[in-house]
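Topology and contacts: notes
Listed below, chain by chain, are the residues.
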Amino acid sequence: MPKVDRRIAKSQTAIKNAVIELMAEKSFDDITIQDIADRANVNRGTIYLHYTDKYDLLDKMIEEHIDNLRELCQLAADMTFQEGNYVWYEYFEQNYLFFSTMLASKGAPYFRSRFLELVVDEFKPEVDTAGEKNKGLNEEVILQFFGSAVVGAVEWWFKNGMPLSARAMAEQTGALLDRNFE
């Protein structure tokens, strides 16, 4: 992987942070490239060097986090749900502003659908409709049910100011998943 110039990396980080901060203040539709440039303390041209428009910027930010979560799933493949969930909740906590804004913002429903899609994809290998617990149930119903439950629990956690620690959320959601997928 080629090394990225520190100035470029610094500009891109400032631009991404500016978008998230602005989304916490107003609707994504109301945010302009000039707003982002002003907040990031860069020229508009700098934004256009890296992104086609604000939608391209948001899409790239979302995909970056989805890819990171997918990598964490691969690292946690041999862990219990509780242990694996802790890896995710730690990541959520470290990236609080991004996730809380994305899950609370009306301007980012695409993120929620990508997040749900990721969770469903990660659960697919765990679903056993031949086993006793889920015998006769439809695989897609199981996947949507548990995927929506995970996304909903994460949304609840952020919307309520993370009332439980990342460890407690991981243990509780992991215990629920272990009961149904083991």
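These figures come from a predicted structure and were not determined experimentally. (Residues numbered from 1 in each chain as written. Predicted model: local features only at pLDDT ≥ 70, side-chain atom pairs only at ≥ 80, totals over all residues. Heavy atoms only, no water.)

A separate point is the overall build of the protein. Across its full length, the protein carries nine helices and zero strands. When the helices and strands of the protein are placed in sequence order, the string is α-α-α-α-α-α-α-α-α. In the protein, the share of contacts with a sequence separation of at least 24, taken over all contacts with a separation of at least 6, comes to 64%. Summing over all exposed atoms, the protein offers an accessible surface of approximately 10,500 Å²; the carbon and sulfur share of this is 50%. Each charge class in the protein can be summarised by its mean position, and for the 20 positive and 30 negative side chains these summaries are 6 Å apart. (Helix = DSSP H or I, 4+ residues; strand = E, 2+ residues; numbered from the N terminus. Contact = heavy atoms within 4.5 Å. Areas by Shrake-Rupley, 256 points an atom, 1.4 Å probe, with all protein chains shown as cover. Lys, Arg positive; Asp, Glu negative; His and termini not counted. Charge placed at Lys NZ, Arg CZ, Asp CG, Glu CD.)

Here the focus is the pattern of salt bridges. It is possible for side chains bearing opposite charge to pair when their charged atoms get close. Taken as a whole and assessed by the stated rule, the structure comprises nine salt bridges. Put simply, Arg70 and Asp67 hold a salt bridge, and the shortest N to O gap is 3.6 Å. Placement of the pair is Arg70 and Asp67 together in helix H4 (residues 54–75), with a separation of three residues, close to one helical turn. Residues Glu155 and Arg112 are paired through a salt bridge, measuring 2.7 Å at the closest nitrogen-oxygen approach. Of the two residues, Glu155 sits in helix H8 (residues 139–159) while Arg112 sits in helix H7 (residues 109–123), which places them 43 residues apart along the sequence. Taking relative accessible area as the criterion, Glu155 reaches 11% and is therefore assigned buried. Among the charged side chains, a salt-bridge network with shared partners connects Glu21, Glu25 and Arg39. (Salt bridge = Lys/Arg side-chain N within 4 Å of Asp/Glu carboxyl O. Buried < 20%, exposed > 50% of the residue type's maximum accessible area, 1.4 Å probe, protein only.)

As a volume, the largest pocket reaches approximately 430 Å³. As for the largest pocket, its lining consists of 22 residues, and the residues nearest its centre are Cys73, Ala76, Phe81, Glu122 and Phe123. For the lining of the largest pocket, the secondary structure elements donating two or more residues are H4, helix H5 (81–94), H7, H8 and helix H9 (166–181). The element that contributes the greatest number of residues to the lining of the largest pocket is H5, accounting for six residues. In terms of residue class, the lining of the largest pocket is built from 15 nonpolar, five polar and two charged. In this structure, the second largest pocket occupies an estimated 270 Å³ of space. When residues of the lining of the second largest pocket are traced back to their parent elements, those giving at least two are helix H1 (6–25), H4 and helix H6 (96–104). Counting residues per element, the lining of the second largest pocket draws most heavily on H1, at six residues. (1 Å grid on protein atoms, 1.4 Å probe; cavity = no way out; pocket = protein on both sides within 12 Å on 5 of 7 lines; lining within 4 Å. Points joined across faces, edges and corners; volume = space filled by probe spheres on them. Nonpolar A, V, L, I, M, F, W, Y, C, P; charged D, E, K, R; others polar.)

Right, let's talk about the side chain of His65 for a bit. By the element assignment, His65 lies in helix H4. With near-sequence residues (within four places) excluded, His65 lies in contact with Tyr91, Asn95, Phe98 and Phe99.

Given a rise of 1.5 Å per residue, 16 residues ought to cover 22 Å, and the 21 Å separating the end C-alpha atoms of H9 matches this to within 8%. Within H9 the residues assigned to the buried category are Ala166, Ala168, Met169, Ala170, Thr173, Gly174, Leu177, Asp178 and Phe181. For H9, the secondary structure elements touched by its buried residues are H5, H7 and H8. (Expected span 1.5 Å × (residues − 1).)

For H8, spanning 21 residues, the distance from its first C-alpha to its last is 30 Å, which sits close to the expected 30 Å at 1.5 Å a residue. Those residues of H8 lying buried are Ile142, Leu143, Phe146, Gly147, Val150, Val151, Ala153, Val154, Glu155, Trp157 and Phe158. Summarising the contacts, the buried residues of H8 are in contact with H5, H6, H7 and H9. Backbone nitrogen of Glu140 and a side-chain oxygen of the N-cap are separated by 2.8 Å at the start of H8; the cap is Asn138. Following H8 by one or two positions, Gly161 adopts a phi angle in the positive range, close to 70°. (Polar contact = N/O pair within 3.5 Å; in protein donor to acceptor, adjacent residues only side chain to side chain.)

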